[in-house]
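Listed below, chain by chain, are the residues.
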Amino acid sequence: MHIKDMISEAESNGQPSFSFEYFPPKTAQGVQNLYDRMDRMYHLGPKFIDITWGAGGRTAELTGEMVVQAQAVYGLETCMHLTCTDMDVNQVNDALQKAYKAGCTNILALRGDPPRDQGQWTATEGGFQYARDLVKHIRATYGNHFDIGVAGYPEGCDDNKDEDQLLDHLKEKVDMGATFIVTQMFYDADNFIRWVGRVREKGITIPIIPGIMPIATYASFIRRANHMQCKVPQEWLDALEPVKNDDVAVRDIGKQLVSTMCRKLLAAGIVHLHFYTMNLAQATRMVLEELNWAPSVERPLLQPLPWKQSKGLGRRDEDVRPIFWRNRNKSYVLRTQEWDEFPNGRWGDSRSPAFGELDAYGIGLTGTNEANRKKWGEPQSLIDISNMFVKYIEQKLPSLPWSESPLTSESDAIKDDLISLNKRGFLTINSQPAVDGVKSSHPVHGWGPANGYVYQKSYLELLLHPDLVPEVVKRIEKQPTLTYYAVTKDGGLKTNAPSDGPNAVTWGVFPGKEIVQPTIVESVSFLAWRDEAFRLGMDWAHCFDPNTPSRVLVEQIMKTFCLINIVNNDFHDQTLLFEIFKDLEIKNLSTPAVVSTTNGSAPTEA
């Protein structure tokens, strides 16, 4: 979606509209940490994010890679910065082509700062002299595919403080095809409002987005203000100076100062705010909360589907996914990124080569061995692993080897049942409660267009001790509303599903639309997930040294336990799935050798 259209939408509906800026970190671990933070900040509800451009080299390449990840994996509408610095026309074209293939539709075109070893900015041979030239090139090459933003300077830029000349340059960029303006950071709201008036007097009518820098610490606030040469109102300095050594107090006062400035901008007719996050979350989140813009029970973050939708090229119409990848969104997107069914907007043949070899997609366990041992401990028996799962359900642990994100509040309705199962050695790796027609605006279960209703079948997926597989399967098959798939690491799929076709476990009914079925269960994709699920467990085992008790334990579980999923097709019922396991438990949970060494009780071929 073009940024100018987002702003037009904000003008018409009056809803909070804001965006975040990030920059490419210098280390690989920093990049991964930033992805995790971007994923969490997604839930604050930004309309888009932008990613800054490094002048040439690896940092510039990383910008392009981050745009791809943000669009395709994290479902964030992304604006890519692109500068003239150290870029000839071929490099510019290459960057634009990568952005296009990533599904990116917004570019912020900048001249850029000179490299650190140059005192003055000079164009690269074969490159562009001014931002207006870059704007012209993008528009001529890609037509209206990209919305093109340019920089605005309410307080002048580093090498030019002549406001009249800068306004003339801004008009030239607009005449070349720019469609929105993003300003440098400022803290003087009155001057910004005055400057906007001068921009409009120039005949420039495109949207203006103010750049807002939240206050995290006093030192960083002063350093950035001095670096950008922006004016800080004296009352701000008077408020912050007495508490400058107290970071908590600085953030608390800072959020009030910045949010008061934001309200003044909004009262002056601005409809969208752009936050320079500096790759941090807390200060920005605090300002949003102060503005009452952060999602809450009163203002839930509405989403079109119950899972995070990809913004990748050809994937925007994707409307169905297997439930198995519910907690591993990145993995699913990477495995299916070349899947030719997506342009049809339907979930097609899961036998697609996109489900091919696992190694090709880099979807194994992330993190170093040491970090994973620290995160999940060094289990000596099944009860240690059970306790790890219980901690995850109690939200005392942010992830599991099979779940990249913390458990959501959706599971509150079945939380006690999940805890009971895991305490008895039934390791639940995926689940959802039954939902019988709640409004699509529901703060926990809601998704899709307004005035609709959503439904869910209760679902449970777990790793099951081999000695209990026959009894659990027998109990399931006595219940006409239950269907299941069960398989071990080595195969032997067993199921009572009436066909190989998909079984919808989530669906919605909306005015003027067909019924939407965004989450399904079916056999072929379950087998693909089987490979990944057991691979993740073996990756976890290999975080421990060979022949250690932890490695032997986890490997043995992966080699002998059964992966089973169960669907209760009566979406009115919440309890039957858990009644199946009533009075069942694994004996000797605290004994290191608790799993069978034979495959005699594994499911047989269907």
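Residues numbered from 1 in each chain as written. Predicted model: local features only at pLDDT ≥ 70, side-chain atom pairs only at ≥ 80, totals over all residues. Heavy atoms only, no water.

Enquirer: So, the packing of helix α7 (residues 189-201) against helix α10 (residues 247-267): which residues are in play, and what are the values?
Expert: For any two helices packed against each other, one specifies the crossing angle of their axes together with the interaxial distance. Two elements in contact, α7 and α10, have axes separated by 10 Å at closest approach and are oriented at 25 degrees. What the angle tells us is that α7 and α10 run roughly parallel. Seen from above, α7 lies across α10 with right-handed handedness. Judged by residue contacts, A189, D190, F192 and I193 of α7 engage M261, K264 and L265 from α10. Considered class by class, the residues forming the contact of α7 with α10 number 5 nonpolar, no polar and 2 charged. (Axes fitted to C-alpha atoms, helices over the stretch in contact; angles between N-to-C directions. Helix = DSSP H or I, 4+ residues; strand = E, 2+ residues; numbered from the N terminus. Parallel < 35°, antiparallel > 145°, perpendicular 65-115°, else oblique. Left-handed = near helix turned anticlockwise from the far one by under 90°. Contact = heavy atoms within 4.5 Å. Nonpolar A, V, L, I, M, F, W, Y, C, P; charged D, E, K, R; others polar.)

Enquirer: Outline the sheet that holds strand β15 (residues 491-495), listing residues and values.
Expert: Read from one edge to the other, the open sheet built from 5 strands follows the order β10-β13-β18-β14-β15, with strand pairing classed as antiparallel. The open sheet terminates on both sides in strands that have one partner only, identified here as β10 (427-432) and β15. Averaged over all neighbouring strand pairs, the angle between strand axes comes to 10 degrees, with direction disregarded. In this structure, strand β14 (residues 482-488) lies alongside β15, joined through 3 bridges in antiparallel fashion. (Pairing = 2+ DSSP bridges.)

Enquirer: Kindly report on the environment of Q303, identifying the contributing residues and their values.
Expert: For Q303, the position within the fold is in the loop between α11 (282-290) and β9 (321-322). Here L305 takes part through its backbone oxygen, which lies 3.2 Å from a polar atom of the side chain of Q303. (Polar contact = N/O pair within 3.5 Å; in protein donor to acceptor, adjacent residues only side chain to side chain.)

Enquirer: Account for the pairing of strand β2 (residues 48-51), naming residues and giving values.
Expert: What you see with β2 is no split at all: F48 and D50 on one side and I49 and I51 on the other are buried throughout. The sheet contact formed by strand β1 (residues 18-22) and β2 spans 4 bridges and is parallel. Considered in β2, the bridge of F20 is made with I49. Handedness of the β1-helix α2 (residues 28-41)-β2 crossover: right-handed. When β2 meets strand β3 (residues 78-83), the two strands line up parallel, connected through 3 bridges. Along β3, the bridge assignment pairs D50 with C79. (Buried < 20%, exposed > 50% of the residue type's maximum accessible area, 1.4 Å probe, protein only. Right-handed = clockwise from strand over helix to strand, strands pointing away.)

Enquirer: Before we move on, can you summarise the sheet that holds β9 with the specific residues and values?
Expert: Sheet architecture is open: 5 strands sit in the order β9-β17-β16-β12-β11, paired in mixed fashion. Edge positions in the sheet fall to β9 and β11 (435-439), since each has one partner strand and no second. Bridge analysis of β9 against strand β17 (residues 516-521) gives 2 bridges, and the strand direction is parallel. When the bridges of β17 are listed, P322 appears paired with I520.

Enquirer: Residue-level account of the environment of G152, with values.
Expert: For G152, the position within the fold is in strand β5 (residues 147-152). Spatially, the C-alpha atom of G152 lies 9.8 Å from that of V196, the residues being 44 residues apart in sequence.

Enquirer: So what's going on with the confidence of the model for the protein chain? Which residues, and what values?
Expert: On average, the protein chain scores 88 in pLDDT, and the residues at 70 or more come to 89%. Of all the helices and strands in the protein chain, helix α3 (residues 57-73) carries the lowest mean pLDDT, 83, while strand β18 (residues 562-568) carries the highest, 98. This stretch, residues 114-119, has a pLDDT under 50; its non-local contacts, to residues over four places away or in other chains, come to 4 contacts. Counting contacts from residues 341-354, a segment whose pLDDT is below 50, to residues more than four positions away or on other chains yields 36 contacts. (pLDDT = per-residue confidence, 0-100.)

Enquirer: Explain the packing of α10 against α11 residue by residue, including any values.
Expert: Following both chains from N to C, one finds α10 and α11 inclined at 55 degrees, their axes separated by 9 Å at the closest point. Of the possible angle classes, the one that applies to α10 and α11 is oblique. Judged by the sense of rotation from one axis to the other, the crossing of α10 with α11 is right-handed. Where α10 abuts α11, its residues R251, D252, K255, Q256, V258, S259 and R263 lie against Q282, M286, V287 and E290.

Enquirer: Any details on the packing of aromatic side chains? Residues and values, ideally.
Expert: Counted by the stated rule, this structure contains 26 aromatic pairs. Both rings, one in F18 and one in F20, keep their centres 5.6 Å apart while their planes meet at 40 degrees; by these two values the pair is tilted. Residue classification places F18 among the buried residues on the basis of a relative accessible area of 1%. We classify F20 as buried; its relative accessible area is 0%. Centre to centre, the rings of F389 and W402 are 5.9 Å apart; their planes meet at 40 degrees, and the pair counts as tilted. A residue pair is termed long-range when its members are at least 10 positions apart, and F389 in helix α14 (residues 382-393) and W402 in the loop between α14 and α15 (415-423) qualify at 13 residues. In this structure, F389 and W402 share a single accessibility class: buried. Members of the aromatic cluster, connected to one another through ring pairs, are F324, W325, Y332, Y485, F526 and W529. (Phe/Tyr/Trp six-rings, centres within 6.5 Å; stacked < 30°, edge-to-face > 60°.)

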